[in-house]
Each structure stands twice: as structure tokens, then as C-alpha cells.
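Descriptive structure summary
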Number of protein chains: 2
Amino acid sequence: MNKQTIVVALGGNALLRRSEPMTAEVQRNNVRTAARALAPIAEEHNLVLAHGNGPQVGLLALQAAAYKDVEPYPLDVLGAQSQGMIAYMVEQELGNLLPFEKPLATILTMVEVDLDDPAFRDPTKFVGPVYAREEADRLAAERGWTFRSDGPHMRRVVPSPEPKQIFELDPIRWLVEKGTVVICAGGGGIPTAYLPDGTRTLVGVEAVIDKDLASELLARELGADLYVMATDAPGVYLDWSTPQQRLLGHTTPSELERHEFAAGSMGPKVEAAIRFVRGTGNRAAIGSLEEITAIVAGTAGTIVEPDVTD
Amino acid sequence: MNKQTIVVALGGNALLRRSEPMTAEVQRNNVRTAARALAPIAEEHNLVLAHGNGPQVGLLALQAAAYKDVEPYPLDVLGAQSQGMIAYMVEQELGNLLPFEKPLATILTMVEVDLDDPAFRDPTKFVGPVYAREEADRLAAERGWTFRSDGPHMRRVVPSPEPKQIFELDPIRWLVEKGTVVICAGGGGIPTAYLPDGTRTLVGVEAVIDKDLASELLARELGADLYVMATDAPGVYLDWSTPQQRLLGHTTPSELERHEFAAGSMGPKVEAAIRFVRGTGNRAAIGSLEEITAIVAGTAGTIVEPDVTD
């Protein structure tokens, strides 16, 4: 098989879940499991690995809020911290499974968003801990945060704008060309934007970029042969949770566009797959991390191929 | 002037000090000041920038300890977080001062130490918050931490072993060759070691590698033309805080070896300078970040040049 460039976006839940203790040991074990699934891909192909960071940023936000002597750092900085934390464990565990000569590197990744993005007028993405209403009101007044109900509690929401540009794209590409396993674009990248004053000043933004869309931009700009979104589901289902539920095997952007998918789960993944396949003419895939070797071979997961007429 | 490869190790105090509020804004302002000093070097030369992380890891340790629901993450993971945090701000602020085409990248850096290093039998490096004696005794029993007196309080100490290998050296070199400003080796690198079981399994270690010695190894292995340790002092003084106190201008390893320097401050810097100059035949410098342009020109700071007989 020819050596391909494969971008894999790893779901945040693959590494840490809110349903289990969020300790270093638990996360380390999950990373090890993920590394075992990914190592064969890294040996055979050029692997570029992106990953989520939702639970990890949630933990960092809780820790920062618990320490009262220093105001918590903003979300862009917490995102940068989470990139360091997660990528460190991934790089180390993956390196332990690969030949010693195989280079690995983590590139901190900043992604540009547009302050005029409509998402800034309608924050939807939950981040950090839940609060009682009075506490939420106080924080809203003090820090300008926006809150929405999350079950019986209030939780902070931030905008989820479109990724426009990956600043470290060239360094990532140069390392891939040298055969390096590159870990990058963690959590959808650190959201940054140019100030609207014409000075080309880049600043951090309190937002969360969808990981699957940011990784798609990365895969497309790298000209990847394959873009895989690895999650805990075997692929994309039609008529999910009805008696007609069925897994989509091989499909196309046009077929995917004939259906609706949940905004909070498969929606962004399907959108990212459509963009990648339309933008490159190459394949995208959505499926289970456990089955990633079969997904790369095209025999598991939902494989999105170009429309014949594309 | 020819384009040189210059490794600059930035003192942790240049970016965050325990004597001022440890907020994101304060750190951001300090980073901006440092970036203004460094930008001319990055424009004219190949700049590789390493940095300290002591105060930042201290803050992360305090935050982690304040949140009681999840056991604090170990020091290697906090170090990785701090690399993300610090490098993000540095990369962004430095990027804002450089031409848009100039590539910048941060490489997460793991450094190998030897579990047989004598430092593991004599932990000396203070990390994290101070504790009352009873709390220190409890943590010592629970977590196996070692404590020493720090003024009236107890504080955790960890070993400070020698850096042996920088795992991401090749990726760093490849990016430098492409003209990238590379930020790496933060906090002396994440300390890691191979388990002594012959399996070549790399694990994180609860230790702190001296930033100046790790950056020296980096500079030497990159074959840098110049290694600068930028601090808040104008250089190395002889007879410090005596009436005979005087700044060393141009000097050599042999001359430096004829004097004693404080283990906690100039000692490791002088040792790093000697190693670099002896190991490469190139110059090292110790001086103030504000004067870095003059230091690179050889007209400020303490410039360590090869012994004539070397």
C-alpha cells in the first residue's frame, strides 16, 4: 500500500470523559489505548493527529476557579495549556509504541476566526463548570460571560466560530514531509482573531472552534489523502434510534446532504466530511477509533467518497 | 552581518514573578516586553527561544491543589501545560512584531534524564506552594513527596537531574532550517526517563531540569553560533555584593572556572556557558534581556569565548 498522509481527529471523549474520574491515571490509560489503535497507522503512513480538549479544559477551568488568589486565565490560555497536557501524553505513549527512529512532534496551534462571524452574536458552546443562578448572574456581571441553562444549572456558553486559517500550517507541513508524526490543532486550535483596527494584531478570543471543522481545514490545506474522524460510534447512522436505524457504509456528500444530523454530535462531523471530500476530491471517514486500521483500509466506518459528478 | 543560529534561554522571572500579581494580564504584558526585545534578533537571525516556567508551574500547582475533586496531576504534566501556556503567549506576541511571512512554531519538548542520576538521591529544587508542617507531613506520607524548610514554611523539593537527550531535536532543527522561529524546551523540558526494565518505555518523572543546562544541550546539539542566557542582571559579576564587585565583560571558560558562583543563581548559567563554549568552540553570553541586541553584537553582557588553548 502506498504511504498516504492521513489526518485523524480524535474525539475528546476518547481521552477523558466526565463520566469517569478525571485523574491523570485515567487519562493516561485512555491515551495508551488510543495510542495502541493509532500506532499501526503511524508506522505505515504519515499521521497527523488532532484531538479534542473539552473535558480537559473543563478540568482546568474548575481548578482555576477553585484557586481564589489569581483570577482564572481566559479560555484561549486554558486551551493552550490543554494542548500541552494532552499532546504530551499522546506523544509519549505513541512514541513508546513506535520504532525509536520515528520522529514525533507536537506543534502548538493557533487558528484564526473572524470577529464578524455570526457565532459571536449567538454563543452556543458550553464550557467549564455548572453554576447556581445567583453565581452565574454575578459572573455575567463581573466578567461579561454569557450563561444558558444546562439541566437544572447554569453553564457558561461561548461562540463556536468557523476556523479560517491555521497559523502553523507550514511548520506542520514541513515536519510531515520529513516523516514526523505531528500532533497539533488540539481542541480545534487556540481561537485567535485580528483586532479590527488594521494593525494586524492577533489576540486570543474567548471561543471554542469545532475540532472536526478545524481538523478538516488542516487536512484540506495539507492536501491529506484521507481525513478520519475517530469517535466512539461505528460510523454515521440513518434514522438513529428508530427501528429503521442503519449504519451508512460508503456514501457521498450528496447522499449525506439529503439527511439531517444532530447539531451536537454527528452534524459537524458530517459537515466536515462533506467539506473535505468536496474540497480535495479525496476520501473522509467517520468511525470508531478501535476500528481505525479497517477504516483506513476502507472496510469499516462511514466512508465518504466524491460524488461521481463532483 | 551573517545570519546566525542563536539560542536564547529566557529566565522564568522575565515573564512572571512571584512578587507581582500572577494574572494573565501581568504575564501578557511581560511577554510583550520580552517580545519587543527579541523581535530584532528573530528578524535578523535564526532564533530558537527557550524559557523558564517556575512561577507558572507554581501557579498551576496551586490551582490544582485548590480543586479537591481530582487529585493534582504530576509535575511532568504540569510542565507540559506550562509549556503550552507560556509558548502560546510568546508565539502570539512575537508574531505580532514580525513580518507576516515569518514562520513561528512551538515544539513541545521532552528531555531525557537518567534515573541513576545522583540528583534523585538528593532533591533540592523547590516547587509549588508552601505548606504548614502538618500538611507537609501528610502529603509526604500520602504522595511520597519530599519537603524542606523554605523560611518558616515547608515546601516540596524535587530532584534536578542532568539533561541527557532532547527527543524533539530533529523536528526543531528541521524547522530552524526552514527559517522558523522555534519556541521550545520550556522550563528545561518535560523530564522523562526510560524505565529500567529494558523495554525502552519512556515515562514522566517528578523532577525539574535546569533550564539553562537544558537550553545549552539544545544549543550545542543544534550547533548554534551563539547561546544567550537572558536574565535580569547585566551579566556575571565577580565579588558580588562586595566593594570590589565588577561585571565580567569578555571572558573564557578557564577564567570562569577560577571563581565560585551561587548555586541558585549564576552557578548553573556559568556552568552552561562553559559547557557550550568548550563543546562547540562558539560563544555563549549571559546578560540582560533588555540589552540582547547589544549582547548579540558582543558589546554588552558577559561574553564567554573559547580559551585560546582550547
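Note on numbering: residues in each chain are counted from 1, in written sequence order. Lettering for chains starts from A, numbering for ligands starts from 1, and both go in the order in which the items are written. This being a predicted model, a pLDDT of at least 70 is required before a residue's local features are given, and a value of 80 or more before pairs of side-chain atoms are given or counted; all residues contribute to the totals for chains, interfaces and linings. Calculated side-chain values reflect all of the structure's heavy atoms, with hydrogen atoms and water omitted.

**Observations regarding the overall build of chain A**
For the purposes of this entry, the term helix denotes a DSSP run of H or I that reaches at least four residues, the term strand denotes a run of E that reaches at least two, and both are numbered from the N terminus. Each helix and strand in chain A was counted, giving 9 helices and 17 strands. Each radius of gyration reported is based on C-alpha atoms, and the globular scaling rule is 2.2 Å times the count of residues to the power 0.38. In terms of C-alpha radius of gyration, chain A reaches 19 Å, essentially the compact-globule figure of 19 Å for 310 residues. Counting only C-alpha atoms and orienting by the principal axes, one finds that chain A spans roughly 60 × 50 × 45 Å. Buried means the residue's accessible area, taken with a 1.4 Å probe over protein chains only, is under 20% of the maximum for its type, while exposed means over 50%, and partly exposed covers the values in between. By residue count, 58% of the 310 residues in chain A fall in the buried class. In chain A, the share of contacts with a sequence separation of at least 24, taken over all contacts with a separation of at least 6, comes to 74%. Summed over all atoms, the accessible surface of chain A reaches about 12,500 Å², with 49% contributed by carbon and sulfur. Computed over 28 positive and 42 negative side-chain charges, the separation of the two mean positions in chain A equals 2 Å. Throughout, a contact is declared for two residues whenever any of their heavy atoms are within 4.5 Å. The method behind every accessible area is Shrake-Rupley, applied with a 1.4 Å probe, and residues are considered shielded solely by the protein chains displayed. Charge counting treats Lys and Arg as positive and Asp and Glu as negative, with His and both chain ends excluded. Every charge is mapped to an atom, namely NZ of Lys, CZ of Arg, CG of Asp or CD of Glu.

**What to know about helix H2 (residues 54-66) of chain B**
Here a helix's expected span is defined as the number of its residues, less one, multiplied by 1.5 Å. With 13 residues, H2 of chain B ought to run about 18 Å at 1.5 Å a step, and its terminal C-alpha atoms sit 18 Å apart, in line with that. Where H2 of chain B is concerned, the buried positions are Pro 55, Gln 56, Val 57, Gly 58, Leu 59, Leu 60, Ala 61, Gln 63 and Ala 64 of chain B. Elements that come into contact with the buried residues of H2 of chain B comprise helix H2 (54-66) and helix H3 (75-97) of chain A together with helix H1 (24-44), helix H3 (75-97) and strand E5 (125-131) of chain B.

**Regarding the packing of H1 of chain B against H3 of chain B**
Residue and element names in this part refer to chain B. For helices, the fitted axis covers only the stretch in contact; all axes are lines through C-alpha atoms, and the angles between them, taken along N-to-C directions, range from 0 to 180 degrees. Put simply, H1 and H3 touch, their axes get as near as 8 Å, and they point 55° apart. Put simply, H1 runs oblique to H3. Along this stretch, H1 crosses H3, giving a crossing that reads as right-handed. When H1 is examined against H3, the residues Gln 27, Arg 28, Val 31, Arg 32, Ala 35, Arg 36, Leu 38, Ala 39 and Glu 43 are found in contact with a partner set consisting of Met 85, Ile 86, Tyr 88, Met 89, Val 90, Gln 92, Glu 93, Leu 94 and Leu 97. Under the scheme applied, nonpolar residues are Ala, Val, Leu, Ile, Met, Phe, Trp, Tyr, Cys and Pro; charged residues are Asp, Glu, Lys and Arg; polar residues are all the others, including Gly. For the contact of H1 with H3, a count of residues per class yields 11 nonpolar, 2 polar and 5 charged. Any angle from 65 to 115 degrees is called roughly perpendicular, while one under 35 is roughly parallel, one over 145 is roughly antiparallel, and all others are oblique. Should the near helix be turned anticlockwise from the far one by less than a right angle, the crossing is termed left-handed; should it be turned clockwise, right-handed.

**Notes on the relation of the copies chain B and chain A**
When the copies are superposed, the least-squares fit takes in the C-alpha atoms of residues with a pLDDT of at least 70 in both. With an RMSD of 0.0 Å, the operation that places chain B on chain A is a rotation of 180° combined with a shift of 0.0 Å along the axis. Interpreted geometrically, this transformation is the action of a two-fold axis. The residues that chain B uses at the interface reappear at the interface of chain A in 100% of cases, marking a shared surface.

**A few points about the sheet that holds strand E4 (residues 110-112) of chain B**
Residues and elements named next belong to chain B. Two strands are counted as paired when DSSP detects at least two bridges linking them. Here we have 4 strands laid out as an open sheet, ordered E8-E4-E10-E11, and mixed in their pairing. The strands lining the two open edges of the sheet, one partner per strand, are strand E8 (165-166) and strand E11 (202-204). Pairing analysis gives 3 bridges linking E4 to strand E10 (residues 190-194), with the strands arranged parallel. Note that in E10 the partner of Glu 112 across the bridge is Thr 192.

**Quick look at the packing of aromatic side chains**
When the centres of two rings from Phe, Tyr and Trp lie within 6.5 Å, Trp using its six-membered ring, the rings pair. Their planes under 30 degrees apart give stacked, over 60 give edge-to-face, and anything left gives tilted. In this structure the tally under the stated criterion is 10 aromatic pairs over all chains. Among the aromatic residues, those joined into a ring-pair cluster are Tyr 131, Trp 145 and Phe 147 of chain A. Sitting over the ring of Phe 100 of chain B, Arg 200 of chain A keeps its end group 4.5 Å from the ring centre. The criterion for a charge sitting over a ring is simple: Lys NZ or Arg CZ within 6 Å of the ring centre, and within 35 degrees of the ring normal.

**As for the sheet that holds strand E5 (residues 125-131) of chain A**
Strands pair in a sheet through their backbones, by hydrogen bonds, and they do so in one of two ways: parallel or antiparallel. Residue and element names in this part refer to chain A. Judged by pairing direction, the sheet is antiparallel, and its 3 strands sit side by side in the order E5-E7-E6 without closing on themselves. Of all the strands in the sheet, the pair left with one neighbour each is E5 and strand E6 (146-150). Strand-to-strand twist of the sheet, defined as the mean angle between neighbouring strand axes without regard to direction, takes the value 40°.

**Some details on the interface of chain B and chain A**
Contacts between the two partners involve 52 residues from chain B, matched on the other side by 52 residues from chain A. When two parts are brought into contact, each loses some accessible area as probed by a 1.4 Å sphere; the total of that loss over both is the buried area. Counting each side, the surface lost to burial between chain B and chain A is near 4,300 Å², with a carbon and sulfur contribution of 68%. If you list the elements that add at least two residues to the side of chain B that touches chain A, you get H1, H2, H3, strand E3 (104-107), helix H5 (169-177), E10 and E11 of chain B. Per-element tally for the side of chain B that touches chain A: the top contributor is H3 of chain B, with 12 residues. Within the side of chain B that touches chain A, the residues separate by chemical class into 33 nonpolar, 13 polar and 6 charged.

**A short note on the nonpolar core**
Buried Ala, Val, Leu, Ile, Met, Phe, Trp, Tyr and Cys residues form a nonpolar core when they are joined through side-chain atoms within 4.5 Å. Ranked by internal contacts, the top residues of the largest apolar core, which has 114 residues, are Tyr 73 and Ile 292 of chain A together with Tyr 73 and Ile 292 of chain B. Apart from the residues lying within four places of it in its own chain, the contact partners of Ile 292 of chain A are Val 8, Ala 37, Leu 38, Ile 41, Val 228 and Ala 230 of chain A.

**Comments concerning the side chain of Ser 288 of chain A**
Examined against the element boundaries, Ser 288 of chain A turns out to sit in strand E16 (residues 283-288). Filtering out sequence-adjacent residues up to four positions away, Ser 288 of chain A remains in contact with Thr 231, Ala 233, Pro 234 and Ile 295 of chain A.

**Some details on the environment of Ile 190 of chain A**
You can see Ile 190 of chain A is positioned in strand E10 (residues 190-194). For Ile 190 of chain A, a relative accessible area of 1% translates into the label buried. Dropping the residues within four chain positions of it, Ile 190 of chain A is found in contact with Asp 76, Gly 79, Ala 80, Gln 83, Leu 108, Thr 109, Met 110 and Val 111 of chain A together with Tyr 88 of chain B.

**Observations regarding the packing of helix H5 (residues 169-177) of chain A against H5 of chain B**
The N-to-C vectors of H5 of chain A and H5 of chain B enclose an angle of 120°; their axes lie 10 Å apart at closest approach. Taken together, the axes of H5 of chain A and H5 of chain B lie oblique to each other. Where H5 of chain A crosses over H5 of chain B, the two elements pack in a sense that is right-handed. On H5 of chain B, the residues that touch Pro 171, Trp 174 and Leu 175 of chain A of H5 of chain A are Pro 171, Trp 174 and Leu 175 of chain B. The residue makeup of the contact of H5 of chain A with H5 of chain B, split by class, is 6 nonpolar, no polar and no charged.

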